Amino acid sequence: MIKNKNGILFVISGPSGVGKGTITKALFEKISNVLLSVSVTTRIPRNGEIQGNNYFFVNIHEFEQMINDDGFLEWAQVYQNYYGTPRKFVMENLARKRDIILEIDTQGALQVKKNMPQGIFIFIAPPNVAELAKRIKLRGKDSEESIQTRLSAVKQELEHMKFYDYVVVNEDLELAVEKVKAIIIAERCRYGNILMEGSS
Ligand code: 5GP
């Protein structure tokens, strides 16, 4: 019998506002047997965001406690807030051969790459910086000051692209989702991820 050997860790990352959250959400409509890791954050919930669904919203003391308890696979300060991936959820589900997706910023992705180089790292790139500025403004969730900070970080973040396995340009949402789905399917078929059981 041919089976998958281990759960695969997929890391979807890229500059803020590039659409990685939208791509990840749409991806879940189109692919099965993959779990999304829910991050912990000190950010205030936005309208409509649900505790434990979008994020685990905590205060800074609770976040620091999790750092001290080695509870994060990675964590980073993104602008004024802290974000982290709970280690337990990821490790337990990978051990159960479940595939996991992390949707995290580039600082976090580089930390995961150091600790778990066997992960598959997918960089979502903007078609160009002007387009990204337009998207962040259209989203209307950020102050003018925060927009400027985010944009100046983008150019620096594009430098990180070389550490990734795949680059998906988010010019067209549907196409970008198809590409990420294709990457996941191909990685599941990779010889190194396959286990032959009881063959005669
Ligand atoms: P937002 O506040 O808009 O939900 O997210 C801001 C940024 O934080 C996004 O780039 C998002 O991908 C990133 N982010 C969300 N969760 C995590 C996490 O657990 N770790 C890291 N390093 N970044 C995260």
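In case you missed it, the structure is sitting above this.
Not measured: the values here are computed from a predicted model. (Residues numbered from 1 in each chain as written. Predicted model: local features only at pLDDT ≥ 70, side-chain atom pairs only at ≥ 80, totals over all residues. Heavy atoms only, no water.)

Undergrad: Could you clarify how one ought to interpret the layout of surface pockets in this entry?
TA: Where empty space is left can be seen by rolling a probe of water-molecule size over the atoms. Its boundaries defined by the atoms lining it, the second largest pocket holds a volume of some 190 Å³. Classifying every residue of the lining of the second largest pocket gives five nonpolar, five polar and two charged. (1 Å grid on protein atoms, 1.4 Å probe; cavity = no way out; pocket = protein on both sides within 12 Å on 5 of 7 lines; lining within 4 Å. Points joined across faces, edges and corners; volume = space filled by probe spheres on them. Nonpolar A, V, L, I, M, F, W, Y, C, P; charged D, E, K, R; others polar.)

Undergrad: Honestly, the site of the ligand in this entry has me stumped. Any pointers?
TA: Ser39, Arg43, Tyr55, Tyr83 and Glu103 are the nearest of the 15 residues found near the ligand. At 2.4 Å, a side-chain N or O of Tyr83 approaches an oxygen atom of the ligand. If the ligand stood free it would expose 510 Å²; the protein chains cover 94% of that surface. Counting only elements with at least two residues in the shell around the ligand, the list comes to β6 (72–78) and β7 (81–86). A class-by-class count of the residues in the shell around the ligand yields five nonpolar, four polar and six charged. (Near = heavy atom within 4 Å. Polar contact = N/O pair within 3.5 Å; in protein donor to acceptor, adjacent residues only side chain to side chain. Areas by Shrake-Rupley, 256 points an atom, 1.4 Å probe, with all protein chains shown as cover. Helix = DSSP H or I, 4+ residues; strand = E, 2+ residues; numbered from the N terminus.)

Undergrad: I tried to follow the pairing of strand β9 (residues 120–125) on my own but got confused; where do I start?
TA: Walk down a regular strand and you will see the side chains alternate between the two sheet faces. In terms of burial, β9 is largely enclosed, as six of its six residues are buried. In terms of strand pairing, strand β2 (residues 9–13) meets β9 through four bridges, oriented parallel. Paired with Val11 across the bridge in β9 is Phe121. With four bridges joining them, β9 and strand β10 (residues 166–169) adopt parallel strand pairing. Within the sheet, the bridge partner assigned to Phe123 lies in β10 and is Val167. (Buried < 20%, exposed > 50% of the residue type's maximum accessible area, 1.4 Å probe, protein only. Pairing = 2+ DSSP bridges.)

Undergrad: Can you help me understand the sheet that holds β7 in this one?
TA: Strands pair in a sheet through their backbones, by hydrogen bonds, and they do so in one of two ways: parallel or antiparallel. Taking strand neighbours across the sheet as the criterion, the four strands line up as β5-β4-β7-β6 in an open arrangement whose pairing is mixed. Both outer strands of the open sheet, β5 (56–57) and β6, are each paired with one neighbouring strand and no more. Pairing geometry for strand β4 (residues 40–41) and β5, over two bridges, is parallel. From the neighbouring strand, Val40 faces β5, where its bridge partner is Phe56. Helix α2 (residues 60–68) contacts β4, β6 and β7 of the sheet and is inclined by roughly 140 degrees relative to β6. The sheet contacts of helix α3 (residues 87–95) involve β6 and β7, and relative to β7 the element is tilted by about 25 degrees. (Contact = heavy atoms within 4.5 Å. Axes fitted to C-alpha atoms, helices over the stretch in contact; angles between N-to-C directions.)

Undergrad: Explain the packing of helix α5 (residues 129–139) against helix α6 (residues 144–158) to me, please; I cannot follow it from the model alone.
TA: How two helices pack is summed up by the angle between their axes together with the distance between the axes. Remark: α5 packs on α6, axes separated minimally by 11 Å, with the N-to-C direction vectors making an angle of 145 degrees. The element α5 and its partner α6 pack so that their crossing is right-handed. Contacts from Val129, Leu132, Ala133, Ile136, Lys137 and Arg139 in α5 reach Ile147, Arg150, Leu151, Val154 and Leu158 in α6. Grouping the constituent residues of the contact of α5 with α6 by class yields eight nonpolar, no polar and three charged. (Left-handed = near helix turned anticlockwise from the far one by under 90°.)

Undergrad: When you look at unusual backbone geometry in this model, what are you seeing that I'm missing?
TA: Excluding glycine, residues mostly have negative phi values, and the peptide bonds linking residues are mostly trans. Of note, the phi angle at Asp70 is positive, near 60 degrees, even though the residue is not glycine. Inspection of the secondary structure assignment puts Asp70 in the loop between α2 and β6. Despite not being glycine, Lys97 shows a phi value in the positive range, around 65 degrees. A relative accessible area of 46% places Lys97 in the partly exposed class.

Undergrad: What's the story with α3 in this structure? I'm lost.
TA: Because each turn of an α-helix spans 3.6 residues, side chains separated by three or four positions in sequence point in the same direction. Of the residues making up α3, those classed as buried are Val90, Asn93 and Leu94. All buried residues of α3 project into a common sector of 100 degrees when viewed along the axis, lining one side. Opposite the buried face of α3, at more than 90 degrees from it, the exposed residues are Lys88 and Ala95. Buried residues in α3 make contact with β2, β3 (34–36), β6, β7 and β8 (99–103). One or two steps after α3, the chain reaches Lys97, where phi turns positive at roughly 65 degrees. (Arc of directions from axis to C-beta.)

Undergrad: Quick question: what am I supposed to make of the sheet that holds β9 here?
TA: Spatially, the five strands line up as an open sheet ordered β3-β8-β2-β9-β10, and their pairing is parallel. The two strands at the open ends of the sheet, each matched to only one other strand, are β3 and β10. With strand direction ignored, the average angle separating the axes of adjacent strands in the sheet is 25 degrees. Pairing between β3 and β8: three bridges, direction parallel. Among the inter-strand pairings, Val34 is bridged to a residue of β8, identified as Asp99. Strand contacts of helix α7 (residues 173–189): β2, β3, β8, β9 and β10, with the helix running at about 160 degrees to β10, the strand carrying the most contacts.

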